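Understanding the architecture of this molecule
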Amino acid sequence: MTGNEESERNPQRLQKIVAAAGIASRRKAEELIASGRVQVNGQTVTELGSKADPERDHIRVDGKLLKKPQQFRYFMLNKPKGVVTTVSDPEGRPTVMKFFGRSGARLFPVGRLDYQSEGLLLMTNDGELANVLTSAASHVEKTYLVKVSGKPREEALEQLRHGVMIERGRRGEREGRVMTQPAQITLIRDTDNPWFEVVLTEGKNREIRKMFEEIGHFVEKVRRVGFGPLVLDVPPGETRELNEEEVTQLKRAARKKATAAEQPRARRPRSGPATLPRPARKRVLSRGPARRP
């Protein structure tokens, strides 16, 4: 083996590889190895802690060749308005897939942003993580900047903070009404048509627009700027792949929220770690209304 080939190898503990393939748990994988039921490149391996490269080595359990683990990829897209959050659209409208023609992976969106909304959209081929992030039980926070027509009264905003009844499905479908989860709503720009920061832990169809309609105000703009630990940092129509640390933080947030889902939720302080960073807010709002003097 040449020096270059050696440097390109990615050795991992054998029990980790077997567990990742879905054959057994990590502990059970150790038992399989110790009992001589695992082979690497035709050689039986019984020593725990032995390593192999899942991309290059032929690994068999009870004679059955393990499939190579799927390479998961994670992207952030700043979805512009006028684009459908779906893989395909029967009406022929542009979809978010047009931004990933060169990614080389079969991706799908995590959750949705409606046709007129814009901002941070996660794209991945990791179905397990996508399911956790979109599950109502996960309570992963999504942060939005929302421009409203007219000034809502404080008592009306308080209704939204505690939850209001909205239409369940799309307009005209008459699927009944459903109560929204409590939301965090903070005024961030006080004008005739103010901007609010809205933090939700669910993603019902057109939820923000319906919430404000219930208190008599039309939503002019919706821009998602945060998803769990992630903050929007790319221009409209641009994408970037998440780094390893961001993926780890996203998975940690999903596990943490899912574990604590049934516990009482304390109101998040404005100084908390999930607060929208000041530089990011200025960058995103620079396309919005003029700043106050």
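To start, this report covers the structure provided alongside it.

Criteria and cut-off values
In this numbering scheme, every chain counts its residues from 1 along its sequence in written order. Side-chain atom pairs in this predicted model are given and counted only at pLDDT of 80 or more, local residue features only at pLDDT of at least 70, and totals for whole chains, interfaces and linings cover all residues. For the side-chain quantities, the full set of heavy atoms in the structure was used; hydrogens and water were omitted. Strands here mean DSSP runs of E at least two residues long; helices mean DSSP runs of H or I at least four residues long; both are numbered from the N terminus. Note on exposure labels: buried denotes an accessible area under 20% of the residue type's maximum, exposed denotes more than 50%, and partly exposed covers the range between, all computed with a 1.4 Å probe on protein chains only. Charge counting follows a simple rule: Lys and Arg are positive, Asp and Glu are negative, and His as well as the terminal groups are ignored. For this analysis, a salt bridge means a side-chain nitrogen from Lys or Arg found within 4 Å of a carboxyl oxygen belonging to Asp or Glu. We define a polar contact as two N or O atoms separated by no more than 3.5 Å, with the added condition that, inside protein, one atom must be a possible hydrogen donor and the other a possible acceptor, whereas residues neighbouring each other in sequence contribute only through side-chain atom pairs. Here, two residues are considered to be in contact whenever any of their heavy atoms come within 4.5 Å of each other. The aromatic pairing rule takes the rings of Phe, Tyr and Trp, using the six-membered ring of Trp, and pairs them if the centres are within 6.5 Å, calling planes under 30 degrees apart stacked, those over 60 edge-to-face and the rest tilted. A strand pair is defined by DSSP finding two or more bridges across the two strands.

Tracing the sequence through the fold places Glu207 in helix H6 (residues 207-214). Although Glu207 is buried, it forms no salt bridge, and the closest oppositely charged side chain is Lys204 at an N-O distance of 4.9 Å. Of the polar contacts made by the side chain of Glu207, one reaches the backbone nitrogen of Lys204; its length is 3.1 Å. For Glu207, the residues in contact, after removing those within four places along its chain, are Ile166, Thr180, Gln181, Leu200 and Glu202.

On to the pattern of salt bridges, then. Taken as a whole and judged by the stated rule, the model has 19 salt bridges. When the shortest N-O distance is used, the salt bridge between Glu167 and Arg177 registers 3.2 Å. Taken together, the positions of Glu167 in strand S11 (residues 165-167) and Arg177 in strand S12 (residues 177-179) put the pair 10 residues apart, joining distant regions of the chain. The class of Arg177 is partly exposed, set by a relative accessible area of 37%.

Below, the discussion takes up the packing of aromatic side chains. Centre-to-centre distance and the angle between the planes together describe a pair of aromatic rings. Per the counting criterion, the structure on display carries 2 aromatic pairs. Centre to centre, the rings of Phe75 and Phe100 are 5.5 Å apart; their planes meet at 75 degrees, and the pair counts as edge-to-face. Taken as a pair, Phe75 in strand S7 (residues 74-79) and Phe100 in the loop between S7 and strand S8 (108-110) lie far apart in primary sequence, 25 residues in all. Judged by relative accessible area, Phe75 falls into the buried class, the value being 7%. Pairing Phe196 with Phe212 gives two aromatic rings, centres 6.0 Å apart and planes at 35 degrees, and the pair type is tilted. Highlighted residues: Phe196 in strand S14 (residues 195-200) and Phe212 in helix H6, separated in sequence by 16 residues.

With 7 of 9 residues buried, strand S15 (residues 219-227) is to be regarded as a mostly interior element. As defined by bridge partners, strand S9 (residues 118-124) adjoins S15 across 2 bridges and the pair is classed as parallel. By the bridge assignment for S15, Gly119 is matched with Arg224. Summarising the sheet, strand S10 (residues 142-148) and S15 pair through 7 bridges and their orientation is antiparallel. What sits directly across from Val146, in S15, is Val222. Alignment of S15 against strand S16 (residues 230-231), held across 2 bridges, turns out to be antiparallel. Paired with Phe227 across the two strands is Leu230, which belongs to S16. Count of turn residues in the S15/S16 antiparallel hairpin: 2 residues, of which Gly228 carries a positive phi of about 60 degrees.

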